[in-house]
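Reading the structure
One-letter residues, chain by chain:
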Amino acid sequence: MATRRIGMGLTVGLEEKLPSGFLLTSVEKLAGYMRKNSLWPATFGLACCAIEMMAAGAGRYDLARFGMEVFRASPRQADLMIVAGRVSNKMAPVLRQIYDQMAAPKWVIAMGACASSGGMFNNYAIVQGVDHVVPVDIYLPGCPPRPEMLMDAILKLHEHIGDTKLGVNREKVIKEVEAAALAAVPTHSLPVFGSRA
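Figured I'd write up the structure that's included with this text. (Residues numbered from 1 in each chain as written. Predicted model: local features only at pLDDT ≥ 70, side-chain atom pairs only at ≥ 80, totals over all residues. Heavy atoms only, no water.)

1. Focus on the overall build of the protein
Assigned secondary structure in the protein consists of 7 helices and 6 strands. Each helix and strand of the protein, ordered N terminal to C terminal, gives the series β-β-α-α-β-α-β-α-β-α-β-α-α. Counting all 197 residues of the protein, 35% fall into the buried class. When the accessible surface of the protein is split by element, carbon and sulfur atoms take 61% of a total near 12200 Å². (Helix = DSSP H or I, 4+ residues; strand = E, 2+ residues; numbered from the N terminus. Buried < 20%, exposed > 50% of the residue type's maximum accessible area, 1.4 Å probe, protein only. Areas by Shrake-Rupley, 256 points an atom, 1.4 Å probe, with all protein chains shown as cover.)

Okay, here's the thing in structure tokens:
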């Protein structure tokens, strides 16, 4: 797109694409656009996946392109929780408390095999999937997943957020989905494929 100088300001040529300077959209689309482009992640790195999460925020991968360069230390300033690593049973109440303190609307990415399903730690000390503690929007596989995979998951979350509906029933739907996720059968109680029962 060609740029041209007008007075003291610099324009990008967008005004040429819009008839008479008007842009028509719905409030729902505008809210989705603003929400998906202003995610502020909370710092919640628990194990080796946290190193890959930090690398995604560094200069080589540069999450700043998506407006996410600052990981928030306060949950009240964050709306995205990236659970990076295994969650112990002692850490689960802390995770839930931080999730409850986050600003609404809020989203969760389970980063890595340990956060998604307990990973290789199939024992009494590790929660077998963070979705038993908080509702998860995106599951990111890998041990550990690469920073490129995290950025792909964030872009998929952007699409999900952009398509989120608004309205009076939204809170009810969110509570129903969260209740269903928390009432799900734990992964360690599911049948193992390939085993003879």
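2. Considerations on the nonpolar core
If you look at the biggest cluster of nonpolar residues, it comprises 23 residues, and the most contacted ones within it are Leu 80, Ile 109, Met 111, Leu 150 and Leu 157. For this core, the secondary structure elements donating two or more residues are helix H3 (49-57), strand E4 (80-84), strand E5 (107-111), strand E6 (138-140) and helix H6 (147-162). Counting residues per element, this core draws most heavily on H6, which supplies 6 residues. Leu 80 has contacts with Leu 39, Trp 40, Pro 41, Ala 42, Met 68, Met 102, Trp 107, Val 108, Ile 109 and Leu 157, leaving out every residue within four places of it along the chain. Counting 16 residues, the second-largest nonpolar core is a separate cluster that includes Phe 44, Met 81, Val 127 and Val 136. (Core = buried A, V, L, I, M, F, W, Y, C linked by side-chain atoms within 4.5 Å. Contact = heavy atoms within 4.5 Å.)

3. Description of the layout of surface pockets
Here the largest pocket is characterised by a volume of approximately 630 Å³. Considering the residues around the largest pocket, the lining is formed by 22 residues, among which Lys 106, Asp 137, Arg 170, Ile 174 and Lys 175 are closest to the centre. At the level of elements, helix H4 (92-101) and helix H7 (170-182) are the ones that each hand at least two residues to the lining of the largest pocket. (1 Å grid on protein atoms, 1.4 Å probe; cavity = no way out; pocket = protein on both sides within 12 Å on 5 of 7 lines; lining within 4 Å. Points joined across faces, edges and corners; volume = space filled by probe spheres on them.)

4. Considerations on unusual backbone geometry
A cis geometry characterises the amide bond from Ala 104 onward to Pro 105, with omega recorded as -5°. With an omega of -15°, the peptide bond between Cys 143 and Pro 144 qualifies as cis. Structurally, the position occupied by Pro 144 is in the loop between E6 and H6. Of note, the phi angle at Asp 62 is positive, near 55°, even though the residue is not glycine. Among the secondary structure elements, Asp 62 is positioned in the loop between H3 and E4. In this structure Asp 62 comes out as partly exposed when scored by relative accessible area, which is 29%.

5. Here we look at the side chain of Ser 116
Tracing the backbone through its elements, the reader meets Ser 116 in helix H5 (residues 113-117). A distance of 2.9 Å separates the side chain of Ser 116 from the backbone oxygen of Gly 112, its partner in a polar contact. Contacts of Ser 116, omitting those with residues within four sequence positions, involve Ala 110, Gly 129, Val 130, Tyr 139 and Leu 140. (Polar contact = N/O pair within 3.5 Å; in protein donor to acceptor, adjacent residues only side chain to side chain.)

6. Here's the deal with the pattern of salt bridges
With the rule as written, the count across this model stands at 4 salt bridges. Across the pair Arg 146 and Glu 52 runs a salt bridge whose closest N-O atoms are separated by 3.7 Å. Taken together, the residues span a long stretch of sequence, with Arg 146 in the loop between E6 and H6 and Glu 52 in helix H3 at a distance of 94 residues. What makes Arg 146 partly exposed here is its relative accessible area of 40%. Overlapping salt bridges bring together Glu 52, Arg 146 and Glu 148 as one network. (Salt bridge = Lys/Arg side-chain N within 4 Å of Asp/Glu carboxyl O.)

7. Let's talk about the side chain of Gln 128
Tracing the chain through its elements places Gln 128 in the loop between H5 and E6. A relative accessible area of 9% places Gln 128 in the buried class. Among the polar contacts listed, one links the side chain of Gln 128 to the backbone oxygen of Ile 126, at a separation of 3.1 Å.

8. Concerning the packing of aromatic side chains
As enumerated under the stated definition, the model contains 0 aromatic pairs in all. Here the guanidinium or amino end of Arg 72 rests over the ring plane of Trp 40, the centre of that ring lying 3.9 Å away. Taking the ring centre of Tyr 99 as reference, the NZ or CZ of Lys 106 above it sits at 4.4 Å. (Phe/Tyr/Trp six-rings, centres within 6.5 Å; stacked < 30°, edge-to-face > 60°. Lys NZ or Arg CZ within 6 Å of the ring centre and 35° of its normal.)

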